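One letter stands for each residue in the lines below.
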Amino acid sequence: SAFSDFHQERQVRAVILTGSGDTFCSGTDLKELADTASQDDAQSQWQEAAEDYQELIESMLRFPKPIIAAINGPAYGGGLCLALGADIRLAAESATFCFAGVHHGLTGAEMGISYLLPRAVGSSYANEILLTGRRYGAEDASRMGLVSRVHPDAELLERALEMAAEIDELSTHGISMTKRVLWSSPECGSLAAAIDLEDRNQMLVRMTTQNFEESMKARSEGRKPVFED
């Protein structure tokens, strides 16, 4: 619901996704599932949850504005998937990451993680994370490329807001089309196809806005450009 609302709100240029308290997202409530009265009810709940989560991740990827995940604590199971749906991931020093499905006799893949994780960290790290169920700290996550930066816990949200402010100064349309290309290009069948996609989007923004003219004018006047697209 929030992403749908923000989609329509033109004043929103970027979204920061973080957890309340000292946890980003600890995943599915396993005790609640275990306490379900019958196996049929458990299967029904699991299927409904899976469909909701799928819709959530897909809505994040379709969302036209950058999503910055400020991972302020454990991101486990579905919480790790949620982080992977963001465009940029920043971690607090206390953040930890784990996909623990294999510890419960389940698969190590759901909510699109088998698609998203290899694209974030490469197949070797993705295989290790999903097949071992190990827990990783923020520095390990940074080394693997799961997050781009690690900040002291007390500074995390401030740093995320600073990054959002940087994005806020840029062209809304240009950033939106850049995000679209970044998520679409890995599905292109060739380098040529990816370049064609980039060229089309570049020309679309160039011909439908005055952004480039404003940029050149601001440069000659020694000021920051003000994009009004």
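Everything discussed here concerns the structure shown above.
An account of the accompanying structure is given in this report. (Residues numbered from 1 in each chain as written. Predicted model: local features only at pLDDT ≥ 70, side-chain atom pairs only at ≥ 80, totals over all residues. Heavy atoms only, no water.)

## Examining the packing of aromatic side chains
Here is step 1: Overall, the coordinates contain 1 aromatic pair when judged by the stated rule.
Here is step 2: R119 extends its terminal NZ or CZ atom over the ring of Y115, reaching a point 3.7 Å from the ring centre. (Phe/Tyr/Trp six-rings, centres within 6.5 Å; stacked < 30°, edge-to-face > 60°. Lys NZ or Arg CZ within 6 Å of the ring centre and 35° of its normal.)

## Some thoughts on the sheet that holds strand β6 (residues 136–137)
Here is step 1: Pairing is mixed in the open sheet, where 3 strands are placed in the order β3-β5-β6. The strands lining the two open edges of the sheet, one partner per strand, are β3 (75–76) and β6.
Here is step 2: Note: β3 against strand β5 (residues 96–98), 2 bridges, orientation parallel. When the sheet's bridge partners are listed, A75 is paired in β5 with F97. (Pairing = 2+ DSSP bridges. Helix = DSSP H or I, 4+ residues; strand = E, 2+ residues; numbered from the N terminus.)

## Considering the nonpolar core
Here is step 1: Core analysis: the biggest nonpolar cluster contains 36 residues, and F24, I71, F97, I113, L117 and L146 have the highest contact counts within it.
Here is step 2: Looking at this core, the elements with two or more residues in it are β1 (15–18), α3 (39–62), β2 (67–71), α4 (78–84), α5 (113–121), α6 (123–132) and α7 (138–144).
Here is step 3: Among the elements that make up this core, the one with the highest residue count is α4 (5 residues).
Here is step 4: Among residues more than four places away in sequence, those in contact with I71 are F24, A83, R89, L90, A91, A92, A95, F97, V147 and L156.
Here is step 5: Grouped together as the second largest cluster of nonpolar side chains are 10 residues, A14, A70, A160 and M163 included. (Core = buried A, V, L, I, M, F, W, Y, C linked by side-chain atoms within 4.5 Å. Buried < 20%, exposed > 50% of the residue type's maximum accessible area, 1.4 Å probe, protein only. Contact = heavy atoms within 4.5 Å.)

Worth remembering: the numbers are spatial, not functional.
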